[in-house]
Amino acid sequence: MKQSNQDNSEIEAWNNFIMNGYPYCSELRGARLAAGISKHFMGGVNGGGLNSFLTNSYELDSQQVLDALRAIGAVKAAADLAHVLDILGTPLLKSSQDERWHLLETIWVDELNAYECFADTTEAELRGALERHVRENKEFYLGL
């Protein structure tokens, strides 16, 4: 979160969200779970690319990620992920790490490499949606 125009509690809430808002946290449900999944998506794509995120997030169904992005209002990220999933042509269901690895190794095509990183506008929209969510749920995230 940008530090201008924010009090320390907003910064603390954002930091708690980033550090503790995991999609596997039992306290996260509904919009909070969607935000946790979306944060995990943003971090995974920024940390290693989309293929890496999809490979390493084998505990998540790809439709669950897509639904989470839509739920928080990350329209561009959701559209890009939906396009990638359409090209893959195979649902990425919850699985073991080995199963997900082998599936993506089989179905990933070179044209998808263009989606490995976020476009600047996509990342800005996703981050903005997450910041808005944290502001709206500040008290919850202050308690994490």
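Here the structure is shown first, and the text comes after it.
Residues numbered from 1 in each chain as written. Predicted model: local features only at pLDDT ≥ 70, side-chain atom pairs only at ≥ 80, totals over all residues. Heavy atoms only, no water.

**Student:** Even after reading the chapter, I still don't get the overall build of the chain, so can you show me in this structure?
**Tutor:** When helices and strands are tallied, the chain shows 8 helices and 0 strands. What you see in the chain, going N to C, is helices and strands ordered as α-α-α-α-α-α-α-α. Its C-alpha atoms give the chain a radius of gyration of 15 Å, near enough to 15 Å, the size a compact globule of 144 residues would have. Seen through its principal axes, the chain has C-alpha atoms that stretch 50 × 30 × 20 Å. The 144 residues of the chain split such that 44% are buried. Partitioning the intrachain contacts of the chain with sequence separation of at least 6 by distance along the chain shows that 70% fall at a separation of at least 24. Between the mean site of the 12 positive side-chain charges and the mean site of the 21 negative ones, the chain shows a separation of 8 Å. (Helix = DSSP H or I, 4+ residues; strand = E, 2+ residues; numbered from the N terminus. Rg over C-alpha atoms; globule rule 2.2 N^0.38 Å. Buried < 20%, exposed > 50% of the residue type's maximum accessible area, 1.4 Å probe, protein only. Contact = heavy atoms within 4.5 Å. Lys, Arg positive; Asp, Glu negative; His and termini not counted. Charge placed at Lys NZ, Arg CZ, Asp CG, Glu CD.)

**Student:** Before we go on, may I ask you to explain the packing of aromatic side chains in this structure?
**Tutor:** How two aromatic rings sit relative to each other is set out by the distance from centre to centre and by the angle between their planes. In this structure the tally under the stated criterion is 5 aromatic pairs. Each ring, one from Phe-17 and one from Tyr-141, has its centre 5.1 Å from the other, and the planes form 75 degrees; the classification is edge-to-face. Placement of Phe-17 in helix 1 (residues 8-20) and of Tyr-141 in helix 8 (residues 138-142) is noted, with a sequence separation of 124 residues between them. Like Tyr-141, Phe-17 is buried. (Phe/Tyr/Trp six-rings, centres within 6.5 Å; stacked < 30°, edge-to-face > 60°.)

**Student:** Can you walk me through the nonpolar core in this structure?
**Tutor:** In summary, soluble globular proteins display a tendency toward joint burial of nonpolar side chains. In terms of nonpolar packing, the biggest core is built from 39 residues, with Phe-41, Leu-50, Leu-54, Leu-69, Leu-81, Leu-88 and Leu-126 touching the most fellow members. Counting residues per element, the ones that place at least two in this core are helix 1, helix 2 (30-48), helix 3 (50-56), helix 4 (62-72), helix 5 (75-88), helix 6 (97-107), helix 7 (120-136) and helix 8. Ranked by residue count, the leading element in this core is helix 5, at 7 residues. What Leu-81 contacts, discounting residues up to four positions off in sequence, is Phe-41, Leu-50, Leu-54, Ser-62, Val-65, Leu-66 and Leu-69. (Core = buried A, V, L, I, M, F, W, Y, C linked by side-chain atoms within 4.5 Å.)

**Student:** Help me understand the packing of helix 1 against helix 7, please; the structure alone is not making it clear to me.
**Tutor:** When two helices pack together, their arrangement is given by the angle between the helix axes and by the axis-to-axis distance. Relative orientation of the contacting elements helix 1 and helix 7 amounts to 115 degrees, with a least axis distance of 10 Å. The hand of the helix 1/helix 7 crossing is right-handed. The segment helix 1 lies against helix 7, with Glu-10, Ala-13, Trp-14 and Phe-17 engaging Arg-127, Leu-130, Glu-131, His-133, Val-134 and Arg-135. Class assignment of the residues belonging to the contact of helix 1 with helix 7 gives a composition of 5 nonpolar, 1 polar and 4 charged. (Axes fitted to C-alpha atoms, helices over the stretch in contact; angles between N-to-C directions. Left-handed = near helix turned anticlockwise from the far one by under 90°. Nonpolar A, V, L, I, M, F, W, Y, C, P; charged D, E, K, R; others polar.)

**Student:** When you look at the pattern of salt bridges in this model, what are you seeing that I'm missing?
**Tutor:** Pairing is possible between side chains that carry opposite charge, provided their charged atoms lie close to one another. This structure, assessed with the given rule, holds 2 salt bridges. A salt bridge links Asp-7 to Lys-138; the shortest N-O distance between them is 3.8 Å. In this pair, Asp-7 is assigned in the segment before helix 1 and Lys-138 in helix 8, connecting sequence segments 131 residues apart. On the basis of relative accessible area, Asp-7 is assigned to the partly exposed category, the value being 38%. A salt bridge links Arg-127 to Glu-131, with the nearest nitrogen and oxygen atoms 3.1 Å apart. Placement of the pair is Arg-127 and Glu-131 together in helix 7, with a separation of 4 residues, close to one helical turn. (Salt bridge = Lys/Arg side-chain N within 4 Å of Asp/Glu carboxyl O.)

**Student:** Quick question: what am I supposed to make of helix 1 here?
**Tutor:** The periodicity of an α-helix, 3.6 residues per turn, causes residues three or four places apart in sequence to face the same way. The end-to-end C-alpha separation of helix 1 is 18 Å, in line with the 18 Å expected for 13 residues at 1.5 Å each. Taken as a whole, helix 1 has its buried residues at Glu-10, Ile-11, Ala-13, Trp-14, Asn-16 and Phe-17. As for helix 1, its buried residues are in contact with helix 2, helix 7 and helix 8. (Expected span 1.5 Å × (residues − 1).)

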